[in-house]
Amino acid sequence: MRRTATAVWNGSGKEGKGHLSTQSTVLNKTQYSFSTRFEDGVGTNPEELMAAAHAGCFTMKLSFVLAAAGFTADEINTDCAITLDNGAITKSELTVKAKIPGIDAAKFEECANDAKANCPVSKAYNCEITMNASLI
């Protein structure tokens, strides 16, 4: 499997602007700029997309890990925060809350740690990955 995305940028780093498009067209010339990355401008930015990728990948991996252990989640809700510090991605913080019938806290923690260690995005990121997992 291979997925693609395209970035187009016009102008300087601070005054310029660009757009991102994905193979699926979910992002289709979606705006990004200095203000969307470092301020509160309207549009997206690479760190936000990294957070979405990690939250989505981890959550799906956790679903597969749970199924292998004999559980099906009613809901898994994962937030991810990516930290950009001095020009480097230094941390990805996962916060997961899940409603899973019949599972105890220890088994859930084991499954969540497995998903954190083995989801493809976790494996790709070269930064500290933390996780706070709880059952609801």
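Residues numbered from 1 in each chain as written. Predicted model: local features only at pLDDT ≥ 70, side-chain atom pairs only at ≥ 80, totals over all residues. Heavy atoms only, no water.

A. Structural context of the nonpolar core. In terms of nonpolar packing, the biggest core is built from 27 residues, with Phe58, Leu62, Leu66, Val96, Ile100, Phe108 and Met131 touching the most fellow members. For this core, the secondary-structure elements that each account for two or more residues are α2 (46–68), β4 (75–85), β5 (88–99), α3 (105–118) and β6 (128–135). Looking at this core, the element that brings in the most residues is α2, giving seven residues. Once you skip the residues sitting within four places of it in the chain, Phe108 turns out to touch Leu62, Val96, Ala98, Ile100, Ile103, Ala133, Ser134 and Leu135. (Core = buried A, V, L, I, M, F, W, Y, C linked by side-chain atoms within 4.5 Å. Buried < 20%, exposed > 50% of the residue type's maximum accessible area, 1.4 Å probe, protein only. Helix = DSSP H or I, 4+ residues; strand = E, 2+ residues; numbered from the N terminus. Contact = heavy atoms within 4.5 Å.)

B. Quick look at the sheet that holds β4. The strand order β4-β5-β6 describes an open sheet built from three strands, whose pairing is mixed. Only two strands of the sheet have a single partner each, and these edge strands are β4 and β6. Looking at each pair of strands side by side, their axes are set apart by 15° on average, direction ignored. Where β5 lies against β6, eight bridges are found, and the strand directions are parallel. In the strand pairing of β6, Ala98 is matched with Leu135. Strand contacts of α2: β4, β5 and β6, with the helix running at about 145° to β4, the strand carrying the most contacts. Where α3 meets the sheet, its contacts fall on β5 and β6, and the angle it forms with β6 comes to roughly 150°. (Pairing = 2+ DSSP bridges. Axes fitted to C-alpha atoms, helices over the stretch in contact; angles between N-to-C directions.)

C. Broad picture of α3. Compared with the 20 Å implied by 1.5 Å per residue over 14 residues, the 20 Å span of α3 between its first and last C-alpha is a close match. The inward-facing, buried residues of α3 contact α2, β5 and β6. Where α3 begins, the capping side chain belongs to Asp104, and its oxygen is found 3.2 Å from the backbone nitrogen of Ala106. (Expected span 1.5 Å × (residues − 1). Polar contact = N/O pair within 3.5 Å; in protein donor to acceptor, adjacent residues only side chain to side chain.)

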